[in-house]
Every structure is written in C-alpha cells, then in structure tokens.
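Next come the chains, spelled out residue by residue.
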Amino acid sequence: MVVIMKSGTSLEEINKMERRLEELGCNPHKTQGENYCIFGLVGDTTKVDMRQIEANINVERVLKVQHPFKLANRLFHPEDTIIDVGGIKIGGGNVSIMAGPCSVESEEQLMSIARSVKSLGAHILRGGAYKPRTSPYSFQGLGEEGLKLLKKAKDETGMPIVTEAMCVDNFHIVEEYADIIQIGARNMQNFSLLKRAGKSKKPVLLKRGLSSTIEEFLMSAEYIMAEGNPNVILCERGIRTFETYTRNTLDISAVPAIKELSHLPIIVDPSHASGRWAMIKPLSKAAVAVGTDGLMIEVHNDPEHALSDGAQSLKPERFGQLMDELNKIMAIH
Ligand code: PEP
Ligand code: MN
C-alpha cells in the first residue's frame with residue numbers, strides 16, 4: 001500500500017501520519033521528494049482500512065500495490081535511484097561502463113587490462129576472484145589473492161571495483177575489498193546470500209538468474225532491500241531460451257520493463273548474454289538505445305589464453321572502438 005501526502009503538508013502532519021501508520025501495525029517507509037511525500041507500507045497490510053487513511057485531509061491518495069515487490073517498486077519511490085560509487089553515479093540515465101576480465105588471473109594480466117580500460121573511458125573495473133564455474137575442474141579463481149590484486153589496480157587507476165561474492169562464509173572478505181558486491185546469476189535466489197548482502201553497507205550488483213522472470217528478479221532485489229540495503233543495481237545478462245546459437249538470449253525488453261516497475265538502476269551485460277565477442281558492440285548499442293543505466297563488458301589482453309570466458313571477451317583495442325561508437329550514439333541520445 002502507498003500513501004501519497006498532499007504537496008505542501010507540514011512536517012508536523014507528516015510525522016503524525018507516520019506515527020498513525022505505525023499504530024496501525026504498518027512498517028512505513030518514507031520517501032520525501034522536493035514537492036511530495038510518500039509512505040510505502042510493507043508487511044501485512046490486509047487489516048489496514050484504506051478509507052480510514054484516505055479520510056485524513058492531508059492525504060492525496062492511497063494506492064494498493066499489486067506487485068509483491070514493494071521497496072523495489074517505483075510506486076514507493078517515483079524518482080530513479082542513483083547510487084554513488086566513489087563519485088560515479090549509477091542510475092538516472094547515466095551510462096556507467098564496467099569493464100575488465102572475467103577472472104583475475106595474475107598481477108600482470110589485471111594491471112594491463114585495468115590500465116587499458118581506464119584509458120579508454122571505463123568507469124568501474126570488474127574482475128572475478130571467486131568464480132562460479134559450471135565444472136568443478138575449471139579455474140575457480142584466485143580467491144583473496146585476486147581481491148588484493150583488484151585493490152592494487154584500484155589504487156593505481158582510481159577505478160572502483162566490482163567483484164563477486166559466492167557464499168555467506170567468505171562474504172565479509174569480498175565486502176572488505178569490493179566497492180560493489182556482485183551476486184551472480186546462479187545465486188540470484190540464494191536467499192541467505194541475499195539477506196547477508198542486505199546487511200552490507202556496500203552497493204550490490206544483482207545479476208538476473210538464468211531462468212528467472214522479471215518479477216522473481218525484483219523479488220530478489222526486495223530481499224536485499226528488506227534487510228536495510230537500498231543500493232541495489234540490477235543486471236540483465238541474458239536468460240535461457242530454446243536458442244543455442246548464443247550462450248543466452250539477451251532480454252532487451254527487461255530494461256524498459258524494469259524502468260517501468262522499479263526505480264532501481266538496470267545495466268546490461270552483453271558478454272554473458274551472447275557468449276560471443278563479435279556481438280558485444282551491436283548489443284551494447286541496443287542496450288543504450290533502450291535506456292540502460294550501464295554496461296558490464298568483459299575485456300581481456302589475451303582472450304585466446306583466458307582462463308574463463310575468452311570467447312566473449314573484447315581485446316582492449318576493440319573495447320576502444322566500442323567506446324568510440326557508444327560516445328557517438330550517447331551524444332545524440
Ligand atoms: C561474471 O560476471 O563473470 C559471471 C559469472 O556472470 P553471471 O553470474 O551473469 O554468469
Ligand atoms: Mn565471465
């Protein structure tokens with residue numbers, strides 16, 4: 001349920017309403033804009049009499065929220081959420097570029113890629129230290145050693161880092177180093193991990209599950225937000241369909257759908273969506289055209305020898321060409 005207060009209502013009346021809603025057993029989340037104030041009510045509101053609240057002269061309207069996600073719902077928070085990560089603003093139509101290798105492999109590899117992507121205009125450095133691999137025999141990541149290398153790359157280039165936390169046990173280690181904590185597609189419905197991320201002060205980048213609906217995706221964001229962390233960045237990274245030509249199918253309509261349903265930033269990862277480096281440029285342009293808040297792109301200095309996802313990684317010079325093209329279309333956007 002959402003209670004919209006009349007514009008110009010005094011602070012005293014707003015506080016009174018907040019107390020009244022608490023007395024009715026609700027858990028009101030207040031969103032205060034320049035000219036509006038909205039209370040979003042979460043929890044069981046079945047016993048709340050809407051007409052009783054509507055009777056208050058300071059109330060403009062009371063709405064029932066049809067969707068099960070509340071805190072992530074745009075009705076609760078009409079303006080786009082903008083998340084500040086070390087001065088980089090994610091959300092609100094800014095196209096933030098996150099780039100780097102799939103996995104951190106060595107100091108030489110990471111530093112070389114980090115310097116390249118920084119000089120070509122990336123804002124945030126990505127790189128996995130704990131890797132969710134389909135096969136237990138594949139490279140599993142360097143673990144904390146990889147996080148230390150990411151920190152080194154951050155110190156040198158000034159780029160904040162985004163890296164994945166795979167489980168609750170070592171979440172605190174990732175949390176210590178990361179500027180944005182990634183929760184991967186395979187863990188989108190790992191509810192204990194989501195709750196742990198909700199207790200963190202760091203922003204969370206939540207990737208869409210392999211076969212999840214948009215509603216399930218937003219419900220996972222809701223888990224994080226319900227624990228007190230409002231800083232969730234959503235990432236469309238392709239979903240499973242009957243098509244096998246591409247690694248996944250990029251659901252481009254997820255961007256406008258999420259913009260309609262939610263105030264959270266939504267970015268696109270064309271690398272995991274396609275599995276093919278040659279498709280990254282057209283898919284990135286499509287993502288920008290539908291209003292993405294950012295792109296996550298895998299870049300490798302030697303994709304032929306990458307320990308993971310080489311086939312979908314751009315060489316730095318190709319990443320540079322992509323940035324040039326994006327700058328052209330973003331300028332006319
Ligand atoms: C990744 O970003 O390297 C990754 C494993 O992504 P996803 O969880 O989307 O497969
Ligand atoms: Mn990858």
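S.K.: Quick rundown of the overall build of the protein? Include the residues and the values.
M.R.: Along the protein, the regular secondary structure elements total 11 helices and 14 strands. For 333 residues, the compact-globule estimate of 2.2 N^0.38 gives 20 Å, and the C-alpha radius of gyration of the protein, at 21 Å, lies within 12% of that figure. A principal-axis box enclosing the C-alpha atoms of the protein has dimensions of 70 × 45 × 45 Å. Per-residue burial over the protein gives 53% buried out of 333 residues. Taken as a whole, the protein presents about 14800 Å² of accessible surface, with 51% of it coming from carbon and sulfur. Treating the 39 positive side-chain charges of the protein as one cloud and the 42 negative ones as another, the clouds have centres 1 Å apart.

S.K.: Which residues make up the site of ligand 1, and what are the values?
M.R.: What surrounds ligand 1 is a group of 13 residues, the closest being R126, K131, A185, R186 and R237. Interatomic distance of 2.9 Å between a side-chain N/O atom of K131 and an oxygen atom of ligand 1. One nitrogen or oxygen atom from the side chain of Q182 is found 2.9 Å from an oxygen atom belonging to ligand 1. For ligand 1, whose free accessible area comes to 300 Å², the fraction covered by protein is 98%. Partitioning the shell around ligand 1 into residue classes produces three nonpolar, three polar and seven charged.

S.K.: Account for the domain arrangement of the protein, naming residues and giving values.
M.R.: When the domains of the protein are assigned, the result is domain 1 (2-63) and domain 2 (83-332). Domain 1 and domain 2 are separated by 37 Å when their C-alpha centres are compared.

S.K.: Tell me what's going on with the pairing of strand 11 (residues 204-207), and back it up with residues and numbers.
M.R.: Side chains of strand 11 alternate between two faces, with V204 and L206 and L205 and K207 buried alike. Examined bridge by bridge, strand 10 (residues 180-183) and strand 11 share three bridges and lie parallel to one another. Looking across to strand 11, one finds that I183 is bridged to L206. Of the crossover connections in this fold, the one passing from strand 10 over helix 6 (residues 191-198) to the parallel strand 11 is right-handed.

S.K.: Lay out helix 3 (residues 107-119) with the relevant residues and their values.
M.R.: Each α-helix turn comprises 3.6 residues. Residues three or four places apart therefore point the same way. For helix 3, with 13 residues, the first-to-last C-alpha span of 18 Å sits near the 18 Å given by 1.5 Å per residue. Trailing helix 3 by a residue or two, G121 shows a phi angle of about 110°, which is positive.

S.K.: Got a sec to walk through the pairing of strand 9 (residues 161-164)? Specific residues and values, please.
M.R.: Covered by surrounding structure in strand 9 are I161 and T163 together with V162 and E164, the residues of both alternating faces. Strand direction decides the pairing type here: strand 8 (residues 124-126) and strand 9, joined by two bridges, are parallel. Paired with L125 across the bridge in strand 9 is I161. Looking at chain direction, strand 9 and strand 10 are connected through three bridges and run parallel. Bridge pairing in strand 10 links E164 to Q182. For the crossover that starts at strand 9, traverses helix 5 (residues 171-177) and ends in the parallel strand 10, the hand is right-handed.

S.K.: How would you summarise the coordination of the manganese ion (ligand 2) if you had to cite specific residues and measurements?
M.R.: Note on metal geometry: ideal angles are 109.5 degrees for four donors arranged tetrahedrally and 90 or 180 degrees for six donors arranged octahedrally. Within the first shell, the manganese ion (ligand 2) binds the protein through C102 (SG), H272 (NE2), E298 (OE) and D309 (OD), at distances of 2.0 to 2.4 Å. Along the chain, the residues donating to the manganese ion (ligand 2) are arranged with the sequence spacing C-x169-H-x25-E-x10-D. Of this pair, H272 sits in helix 9 (residues 270-274) while E298 sits in strand 14 (residues 294-298), and the two are 26 residues apart along the sequence.

S.K.: Tell me about the packing of helix 7 (residues 214-226) against helix 8 (residues 254-261), residues and numbers included.
M.R.: The N-to-C vectors of helix 7 and helix 8 enclose an angle of 50°; their axes lie 11 Å apart at closest approach. One way to sum up the angle between helix 7 and helix 8 is to call them oblique. Crossing handedness for the pair helix 7 and helix 8: right-handed. The segment helix 7 lies against helix 8, with I214, F217 and L218 engaging A254, A257, I258 and L261.

S.K.: Help me get a handle on empty space enclosed by the protein, residues and values and all.
M.R.: Taken as a whole, this structure holds one cavity of 30 Å³ or more when the rule is applied. In this structure, the largest cavity spans a volume of roughly 40 Å³. Every residue along the wall of the largest cavity is listed here: R126, G127, G128, K131, V162, T163, E164 and Q182. No other element matches strand 9, which puts three residues into the lining of the largest cavity. When the residues that make up the lining of the largest cavity are grouped by side-chain class, the tally is one nonpolar, four polar and three charged.

S.K.: Run through unusual backbone geometry, naming residues and quoting values.
M.R.: At D309, a position not held by glycine, the phi torsion is positive, near 55°. You can call D309 buried: its relative accessible area is 19%.

The rules behind these values
- Residues numbered from 1 in each chain as written.
- Chains lettered and ligands numbered in written order.
- Predicted model: local features only at pLDDT ≥ 70, side-chain atom pairs only at ≥ 80, totals over all residues.
- Heavy atoms only, no water.
- Helix = DSSP H or I, 4+ residues; strand = E, 2+ residues; numbered from the N terminus.
- Rg over C-alpha atoms; globule rule 2.2 N^0.38 Å.
- Buried < 20%, exposed > 50% of the residue type's maximum accessible area, 1.4 Å probe, protein only.
- Areas by Shrake-Rupley, 256 points an atom, 1.4 Å probe, with all protein chains shown as cover.
- Lys, Arg positive; Asp, Glu negative; His and termini not counted.
- Charge placed at Lys NZ, Arg CZ, Asp CG, Glu CD.
- Near = heavy atom within 4 Å.
- Polar contact = N/O pair within 3.5 Å; in protein donor to acceptor, adjacent residues only side chain to side chain.
- Nonpolar A, V, L, I, M, F, W, Y, C, P; charged D, E, K, R; others polar.
- Domains from an automatic or database assignment.
- Pairing = 2+ DSSP bridges.
- Right-handed = clockwise from strand over helix to strand, strands pointing away.
- Expected span 1.5 Å × (residues − 1).
- Donors = N, O, S within 2.8 Å, 3.2 Å for Na, K, Ca; no water.
- Axes fitted to C-alpha atoms, helices over the stretch in contact; angles between N-to-C directions.
- Parallel < 35°, antiparallel > 145°, perpendicular 65-115°, else oblique.
- Left-handed = near helix turned anticlockwise from the far one by under 90°.
- Contact = heavy atoms within 4.5 Å.
- 1 Å grid on protein atoms, 1.4 Å probe; cavity = no way out; pocket = protein on both sides within 12 Å on 5 of 7 lines; lining within 4 Å.
- Points joined across faces, edges and corners; volume = space filled by probe spheres on them.

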